[in-house]
Amino acid sequence: MPTDMQLRQQAYLDDQLGVAESLAFLATVPSGDQSVLQGERAFNAAVADRLAEPQPCPEAIWARLRRELATPIAGPRLTWWQRPLLLRLAAGLAVTTLACWGLYASSRQPVRLTDHLEVARTVAQLAAQLDLTGNHDQIVAALQQSGFALPLHAPTAADGDHHHGIKLVGLRIFKQGQDCVAQLGYVCCGQPITVYITRQNATCLPREVDARHLPSQWCLGAQQIGEYRIVAVGPHETRWVLGLFS
Amino acid sequence: MATLTDQEFVALLEQHRHEFWRYVVRNVWHPDSAEDVLAGAVQAAYRQLDRFEKGTNFRAWMYRILTNKCFVANRETKRAGIDIETLDESLFATDDEAQRRATNDPQAFLQQCGDELFTALRQLSTAERSCLLLLTIEHYSYKELATILEMPVGTVMTHLARGRAKLRRLLVDYAKRQGFLAAGPAARRDGPDQSLLGRVS
């Protein structure tokens, strides 16, 4: 950074100081340097004199300027929609509106289950996906310890008799994007049924039940319990599994 | 906000047209482009006339538009030449004896240089040249220059210091080549503190 003295020296050379300020500045300069400064000022003044020599605007150019201002070529002053700045702002607004509409429209697209999650097609695949296996109570305890505090009943004997035995076989807790997901694995009639549980605001589970993207004969069911959203999917009827959450 | 009528605008232009023309002719690299630069600036000012408040500084407003057009015509930006990292230190090394003789009788020295002054002026950056012209010819203050050129006062001072140093160096070199100033040992000169020159504040 220049010192105050240096700044005042330049201001003096650029003739930016008043008389009193100039005298006060010169009083701080050694006498030997004063003549050098005076020489520089004289040099600057001589340059300024040369640069300031008159340079008349040719009449032909002035006539052109007047003509252009007077004729329609110059045109009237631009109206608001002709101004480049306003035009750019309007274009920006249009682009932003389109982008917002695009985002809104994309957010309205139904989320398909398989967009984010891999659904087990066989019991073996389901078993491979699960991290925790054990009896029903152990799995439910692990689910609740993971923050999913929702009621989950064990299949009753009647369920087993009627539906060839529904069995909870394991659990996996994982993150999908920003969402925390609990995956429960059930087996019914030898078929895998996968249950996904997320908070309501999660985006990885479909809002609407739409099984069209799944293999034919597959079932997809969903329900909401408190703050949780539960989706069950598999090649077997899922409503009895969903009925366990209540 | 009161604005100028078309007639008032033309009248003010007519009043100041010579100084505006001189500024543009001195400031553009190619003198042939001066007419188009001035015409473009006048057209731009006319289109923006409703942004100019009647009774305020018409000259300063026009100089801002003219300067912007000069930057465009010279294909430069206002930041050009301000990078301290790329500063050529040798720029400020001057020949003491030649410098003394140049400043001893500057009128005679510049007379001998002839039109080389304008050639040397064109070797400055547009920012340096604009600052120098507006300060020395139009007598604007640092603060007014900062407003016209839309840059901080410290940057204006830096452009001025560099512009002056470059100009003097170019003229002294020219004079030595032409033989009307004796060459001497190149060194940083004594006297006024040269360390200010080229500093970015």
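Because the structure is a prediction, the values reported are computed rather than measured. Per-chain numbering applies: the sequence of each chain, read as written, is numbered from 1 onward. To read the labels, note that chains go from A and ligands from 1, taken in the order they are written. Only residues with pLDDT of at least 70 get local features here, since the model is predicted, and only at 80 or more are side-chain atom pairs given and counted; chain-wide, interface and lining totals rely on the full set of residues.

(A) The arrangement of the overall build of chain B in detail. Scanning chain B from N- to C-terminus turns up nine helices and two strands. Secondary structure elements in chain B, listed N-terminal to C-terminal, are α-α-α-β-α-α-α-α-α-α-β. Relative to its 201 residues, chain B shows a buried fraction of 36%. Intrachain contacts of chain B at a sequence separation of at least 6 include 80% that bridge at least 24 residues. Put simply, DSSP marks the helices as runs of H or I at least four residues long and the strands as runs of E at least two long, and each gets a number from the N terminus on. Exposed residues have 12 or fewer other C-beta atoms within 10 Å of their own C-beta, buried residues have 20 or more, and residues in between are partly exposed; the C-beta atoms are placed from the backbone. We call two residues in contact if the C-beta atoms placed from their backbones are at most 7 Å apart.

(B) Summary view of the overall build of chain A. Counting its secondary structure elements, chain A contains ten helices and five strands. Split into buried and exposed, the 246 residues of chain A put 22% on the buried side. Residue pairs at least 24 apart in sequence account for 57% of intrachain contacts in chain A once pairs closer than 6 positions are excluded.

(C) Spotlight on the pairing of strand β1 (residues 166-176) of chain A. All names here are of chain A. By definition, two strands form a pair when at least two bridges between them are found by DSSP. With ten bridges joining them, β1 and strand β2 (residues 179-188) adopt antiparallel strand pairing. Paired with Ile173 across the two strands is Ala182, which belongs to β2. Taking the residues between adjacent antiparallel strands as the criterion, β1 and β2 are bridged by two residues, where Gly177 takes a positive phi near 65°.

(D) Highlighting the interface of chain B and chain A. Taken together, the contact between chain B and chain A spans 42 residues of the former and 35 residues of the latter. Broken down by element, the side of chain B that touches chain A gets its largest block of residues, eight residues, from helix α1 (residues 6-27) of chain B. Each residue is assigned to one class: nonpolar for Ala, Val, Leu, Ile, Met, Phe, Trp, Tyr, Cys and Pro, charged for Asp, Glu, Lys and Arg, and polar for all the others, Gly among them. Here the residues of the side of chain B that touches chain A sort into 23 nonpolar, ten polar and nine charged.

(E) Representation of the pairing of strand β5 (residues 228-234) of chain A within the structure. Residue and element names in this part refer to chain A. Among the seven residues that make up β5, five are buried, leaving the element largely enclosed by the rest of the structure. In terms of strand pairing, strand β3 (residues 191-199) meets β5 through six bridges, oriented antiparallel. Each bridged residue has a counterpart across the sheet, and for Tyr196 the counterpart in β5 is Val231. Examined bridge by bridge, strand β4 (residues 219-225) and β5 share seven bridges and lie antiparallel to one another.

(F) Examining unusual backbone geometry more closely. With a phi angle near 55°, Cys189(A) is a residue other than glycine that sits in the positive phi range. On the secondary structure map, Cys189(A) appears in the loop between β2 and β3.

(G) Helix α1 (residues 4-13) of chain A, seen in detail. For α1(A), the set of buried residues is Gln6(A), Arg8(A), Gln9(A) and Gln10(A). On its buried face, α1(A) sits against α2 (19-27) of chain A together with α9 (153-178) of chain B. Asp15(A) sits one or two positions beyond α1(A) and adopts a positive phi of about 60°.

(H) Structural context of the packing of helix α8 (residues 142-149) of chain B against α9(B). Residues and elements named next belong to chain B. Convention adopted: a line fitted to C-alpha atoms gives each axis, helices being fitted over their contacting stretch, and angles between N-to-C directions are expressed from 0 to 180 degrees. Taken N-terminus to C-terminus, the directions of α8 and α9 make an angle of 100°; their axes are 9 Å apart at the nearest point. Classified by the angle their axes make, α8 and α9 are roughly perpendicular. Where α8 abuts α9, its residues Tyr142, Lys143, Leu145, Ala146 and Leu149 lie against Val153, Val156 and Met157. Each angle gets one of four labels, with under 35 degrees taken as roughly parallel, over 145 as roughly antiparallel, 65 to 115 as roughly perpendicular, and the rest as oblique.

(I) Local environment of the environment of Phe109(B). Relative to the helices and strands, Phe109(B) is located in helix α5 (residues 106-113). Expressed as a C-alpha distance, the spacing of Phe109(B) and Phe180(B), which sit 71 residues apart in the sequence, is 8.6 Å.

(J) Representation of the sheet that holds β3(A) within the structure. Residue and element names in this part refer to chain A. Taken together, five strands build an open sheet; the order of strands is β1-β2-β3-β5-β4 and the sheet is antiparallel. Since the sheet does not close on itself, it has two edges, and those belong to β1 and β4, each with one partner. Across the sheet, the axes of successive neighbouring strands diverge by a mean angle of 20°, strand direction being ignored. Of the strand pairs in this sheet, β2 and β3 are connected by seven bridges, and their pairing is antiparallel. What sits directly across from Val187, in β3, is Pro192. The sheet strands contacting helix α8 (residues 136-145) are β1 and β2, and the helix crosses β1 at an angle near 20°.

(K) Layout of the packing of helix α3 (residues 31-51) of chain A against α5(B). For the pair α3(A) and α5(B), the least separation of the axes is 9 Å and the interaxial angle reads 45°. Classified by the angle between their axes, α3(A) and α5(B) sit oblique to one another. Between α3(A) and α5(B) lies a crossing whose hand is right-handed. Contact with α3(A), carried on its side by Ala42(A), Phe43(A), Ala46(A), Val47(A) and Arg50(A), involves Pro106(B), Gln107(B) and Leu110(B) of α5(B) and no other residues of that element. The residue inventory of the contact of α3(A) with α5(B), partitioned by class, reads six nonpolar, one polar and one charged. The sense of a crossing depends on the near helix, which, turned anticlockwise from the far helix by less than a right angle, makes the crossing left-handed and, turned clockwise, makes it right-handed.

(L) How the structure looks around the nonpolar core. One finds Val24(B) and Cys131(B) to be the most contacted residues of the largest nonpolar core, which totals 50 residues. Per-element tally for this core: the top contributor is α9(B), with eight residues. In this structure Val24(B) touches Ala34(B), Val37(B), Leu38(B), Leu66(B) and Cys70(B), once residues within four positions along its chain are discounted. Leu113(A), Ile139(A), Ile193(A) and Tyr196(A) belong to the second largest nonpolar core, which has 29 residues in total. When buried Ala, Val, Leu, Ile, Met, Phe, Trp, Tyr and Cys residues are joined through C-beta atoms within 7 Å, the set is termed a nonpolar core.

(M) Representation of the confidence of the model for chain B within the structure. Residues and elements named next belong to chain B. Of the residues in chain B, 80% have a pLDDT of 70 or more, and the chain-wide mean is 82. Looking at any residue, its pLDDT shows the predictor's confidence there, from 0 to 100. In this model, residues 81-89 is a region of pLDDT below 50 whose contacts with residues beyond four sequence positions or in other chains number eight contacts. Every residue in residues 185-201 scores below 50 in pLDDT, and together they form 45 contacts with partners more than four places removed in sequence or on other chains. For this predicted complex, the interface confidence comes out at an ipTM of 0.83, alongside a pTM of 0.57.

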